[in-house]
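# Remarks on the overall topology
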Amino acid sequence: MSERNQQFDASFMADYFAEADEHLLAVRRALLSFEGPQKPDVSSAVLEELFRSCHSLKGISAMVELREAELLAHHMESCLRVIREGQVELDAANLETLLEGANALEAVIVARRDGGEVPSGDAAIAALRALAAAQAEARPVPASKAAPAVSARVWQVRFVPSPELVERGVKVDTIRARLQRIGNVVSVVPQVRTEGGIAFEFEVQTEDEASLASWGPDGITYEPLQMTTPSSADSPAAGEAASGPRAWEVASGAPANFVRVDLSRLDDLMRLAGDLVVTRARLDDTLGRVERYVPSREFRLLQEHESLMERQLRDLRDAIMRVRLVPVGEVFRRMPFVVRDLARDVGKRVQLEVTGQGTEIDKFLIERMMDPILHLVRNAVSHGIETVDQRIGAGKPPEGIIRLGAWTIGESVIIEIADDGAGIDLTAVAQRATVDGITTGEDELETRVLLDIICASGFSTREEADRISGRGVGLAVVRDTVQGLGGALDVVTKRGHGTTFTLTLPLTLAVIDAIIAHVGNQTFAVPQSAIQEVIEVDPGDLRALERNELFTYRGRALPMVRLSRLFHITAVSRPRLHAIVVGTGASAVGLLVDRVAGHREIVVKRIADPLIHVDGVAGATELGDGRLVLILDVPALSRGVRGRSRTGERASA
């Protein structure tokens, strides 16, 4: 196979997996909506959506010759048909059969995507076939359900894709959209050509033969087709036409108002926008140097143009960011399925409440947050929620609740995973930490110390690992991932009332707003999303405690860190200093700098090489004068300051 054909096949399969994932999510969402004490309404639109998703999965799986997925989707569709027609009640047992079929279908598609051995779906197919066959025999399909005869003129249109056509933007979706504009697409059947490759045969009702003739150069051939009523001796796909849509039917209607774009292309756009931001900063710096040489009237015009360019660049950056943003619901809508299966495995009753699914976050972050959120949800089921007997004994409802929510604050996204379970046993954590050689240093664990302990690699209060929660590796991975993305992880727990994990993440990682600060002869950038406020500090108001300095801030002691001392920079004696307050509540810390120079939009260049990584530094940027400026890693600095504060407190005690 030629390289171009290989690229074409790879692109075709990528489109298949993306579309299959959308349909699988729709199937899971629809099936879970039928669970509960209320009898499902089998005539609802949800059932129709479920039927269409299975039907589409069958069709696209046949296109890529994934026979196992095609068969599973076909038998699920058969079961849904008898349910839709009232031949079977959608009770708990039948719903479980459909759920197992969906699990098997997803396993087959994931195995094909990952290049592994495709599992057999025979057990699920047998259960689905038994459900459909038993009910179909008990109550045959009424004759009134037969498909009506078609009297309009019908054409058989054949489209043969090729790499050359793809380069011109002519794909099967393009042809389908054209045919939908001139008539009604009755069906489309993919066929494997004997000489290799795939062809698509459409059945189209239209009177616009002229348009069909004009599309010959785009791989289109056509001929009139005489429609006949299929007989009972036809293939299973033909027999299905008597009771529902044809096996390869593609729903007609307006084309979807979106396109799939490779994330790397959006990365390229963001990099170009970042380069423009740096160039504009250089222009601003140059204008400041030449101001005295330019007449005031002309200089005002230059300033107006420069201001207009700044606004347009910000609009461009925001537009590119909006393209990269996707709803956090991409992660959330998978969780009900996870919670249901895990709760059943451990014999617990758990209800998942989801809010804020429309909250948007960068696609790059969504992909990397999938596993951390999954870890926290699994831990909530395994460690957090009690068994039914334990909850009743504690005076709680038998069904536990896990709340998964998201919202936006400024340029940050907050994701919260909370449960109303037993809470974290602080005594057990302290005892286990001592056994593992982790020093707590405190009789009663504070929240910030608790987080450090439970996120230690390998830490667990359980003696044995289980399938759900493992050996405590999960929370270490969660915090490392969140912090690696420039975010923060917090935990709040109350014995007997539950635990809440809060993840704070930036909206995007490429271009951000920052505060520029000077320390000695060095300049630093502090991400604005991490800053609570900037205050002026008299050095005489600082109080020393062992190795730390404290400042009275809003009625409490605020730990302070001098960046000059932290980064070994020669300090400049100043009568007043600026403190950049980051973090909230007990996690708040003040970063002491000589002065704050102002606000800038910066392009983030992260330090990926571990050999040159420095604690407290997240990356670098350029402000326009050609010099590199270090971007502070605020969460890392905060952790370091709080750690030294605890050491000092223990030493003074």
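These lines cover the structure that appears in this document, whether it is placed above or below. The residue numbers shown here count from 1 along each chain, following its written sequence. Thresholds applied to this predicted model are a pLDDT of at least 70 for local features of residues and 80 or more for the giving and counting of side-chain atom pairs; totals over whole chains, interfaces and linings are not thresholded and use all residues. Where side-chain values are given, they derive from all heavy atoms of the structure, hydrogens and water being excluded.

### Things to note about the overall build of the protein
- Secondary structure follows DSSP: runs of H or I at least 4 residues long count as helices, runs of E at least 2 residues long count as strands, and numbering of each begins at the N terminus. Counting its secondary structure elements, the protein contains 20 helices and 23 strands.
- Here a residue-residue contact requires only that any non-hydrogen atoms of the pair lie within 4.5 Å. The contacts in the protein between residues at least 6 apart in sequence include a share of 70% that link residues at least 24 apart.
- Of the accessible surface of the protein, which amounts to about 33300 Å², a share of 52% is contributed by carbon and sulfur atoms. The Shrake-Rupley method, run with a 1.4 Å probe sphere, supplies the accessible areas, and residue values consider only the shown protein chains as cover.

### Comments concerning the sheet that holds strand β8 (residues 400-409)
- With respect to topology, five strands assemble into an open sheet ordered β6-β8-β9-β11-β10, the strand pairing being mixed. Each having just a single partner strand, β6 (350-355) and β10 (488-494) make up the two edges of the open sheet. Recorded for the sheet is a direction-independent mean angle of 15 degrees between the axes of neighbouring strands.
- The rule for pairing is simple: two strands pair if DSSP sees at least two bridges between them. Here strand β9 (residues 412-419) pairs with strand β11 (residues 498-506) via eight bridges, running antiparallel. Each residue of the ladder has a partner; that of S412, found in β11, is P506.
- Here the axes come from fitting lines to C-alpha atoms, over the contacting stretch only for helices, and the angles between their N-to-C directions go from 0 to 180 degrees. Of the strands in this sheet, β6 and β8 are in contact with helix α13 (residues 335-346), which crosses β6 at around 165 degrees.

### Some points on the nonpolar core
- Here the nonpolar core consists of buried residues drawn from Ala, Val, Leu, Ile, Met, Phe, Trp, Tyr and Cys, with membership extended through side-chain atoms lying within 4.5 Å. We call a residue buried when its accessible area falls under 20% of the maximum for its residue type, exposed when it is over 50%, and partly exposed in between, using a 1.4 Å probe and counting protein chains only. If you look at the biggest cluster of nonpolar residues, it comprises 60 residues, and the most contacted ones within it are Y16, I109, L179 and F202.
- No other element matches the nine residues that helix α1 (residues 3-33) contributes to this core.
- Membership of the second largest hydrophobic core comes to 40 residues, among which are V339, V377, L505 and L507.

### Regarding helix α2 (residues 45-63)
- Take the residue count of a helix, subtract one, and multiply by 1.5 Å to get its expected span. Helix length check: α2, at 19 residues, gives a terminal C-alpha distance of 27 Å against a target of 27 Å (1.5 Å per residue), a fit within 8%.
- Taken from the residues just after α2, E65 is the one with a positive phi, measuring 60 degrees.

### Here's the deal with the packing of helix α10 (residues 263-290) against helix α11 (residues 296-324)
- Where α10 contacts α11, the two axes come as close as 10 Å, and the packing angle between them is 160 degrees. Comparing the axis directions of α10 and α11 gives the class roughly antiparallel. Taken as a pair, α10 and α11 cross one another with a handedness that is left-handed. Contacts between α10 and α11 involve L263, L266, D267, L269, M270, A273, L276, V277, R280, L283, D284 and L287 from the first element and F299, L302, E306, M309, E310, L313, L316, I320, M321, V323 and R324 from the second.
- Classifying every residue of the contact of α10 with α11 by side-chain character gives 17 nonpolar, no polar and six charged. Working definition: roughly parallel below 35 degrees, roughly antiparallel above 145 degrees, roughly perpendicular at 65 to 115 degrees, and oblique for all remaining angles. Take the far helix as your reference; a near helix turned counterclockwise from it by less than a right angle gives a left-handed crossing, and one turned clockwise gives a right-handed crossing. Under the convention adopted here, Pro, Cys and the residues Ala, Val, Leu, Ile, Met, Phe, Trp and Tyr are nonpolar, Asp, Glu, Lys and Arg are charged, and Gly plus all remaining residues are polar.

### Things to note about the packing of aromatic side chains
- Any two rings among Phe, Tyr and Trp, with Trp reduced to its six-membered ring, count as a pair given centres within 6.5 Å; such a pair is stacked if its planes are under 30 degrees apart, edge-to-face if over 60, and tilted if neither. The final tally for this structure, using the stated rule, is three aromatic pairs.
- Arranged with centres 5.5 Å apart and planes meeting at 70 degrees, the rings of W155 and Y222 form a pair that is edge-to-face. Taken as a pair, W155 in strand β1 (residues 154-159) and Y222 in strand β4 (residues 220-225) lie far apart in primary sequence, 67 residues in all.
- W155 gets classed as buried once you look at its relative accessible area, which sits at 2%.
- Taking 5.3 Å as the distance between ring centres and 25 degrees as the angle between the ring planes, the aromatic pair formed by F524 and F567 counts as stacked. Of this pair, F524 sits in strand β13 (residues 522-527) while F567 sits in the loop between α19 (563-566) and β18 (577-582), and the two are 43 residues apart along the sequence. Accessibility assignment for this pair places F524 and F567 in one class, buried.

### Quick notes on the pattern of salt bridges
- Only one rule defines a salt bridge in this text: a Lys or Arg side-chain nitrogen within 4 Å of an Asp or Glu carboxyl oxygen. Taken as a whole and assessed by the stated rule, the structure comprises 27 salt bridges.
- Here R344 makes a salt bridge to E100, at a shortest N to O gap of 3.8 Å. Remark: E100 occurs in helix α4 (residues 92-114) and R344 occurs in helix α13; sequence separation between them is 244 residues.
- Under the relative-accessibility criterion, R344 is labelled partly exposed at 41%.
- Between D341 and R344 there is a salt bridge whose closest N-O contact spans 3.6 Å. Remark: R344 and D341 occur in helix α13; sequence separation between them is three residues, near one turn of the helix.

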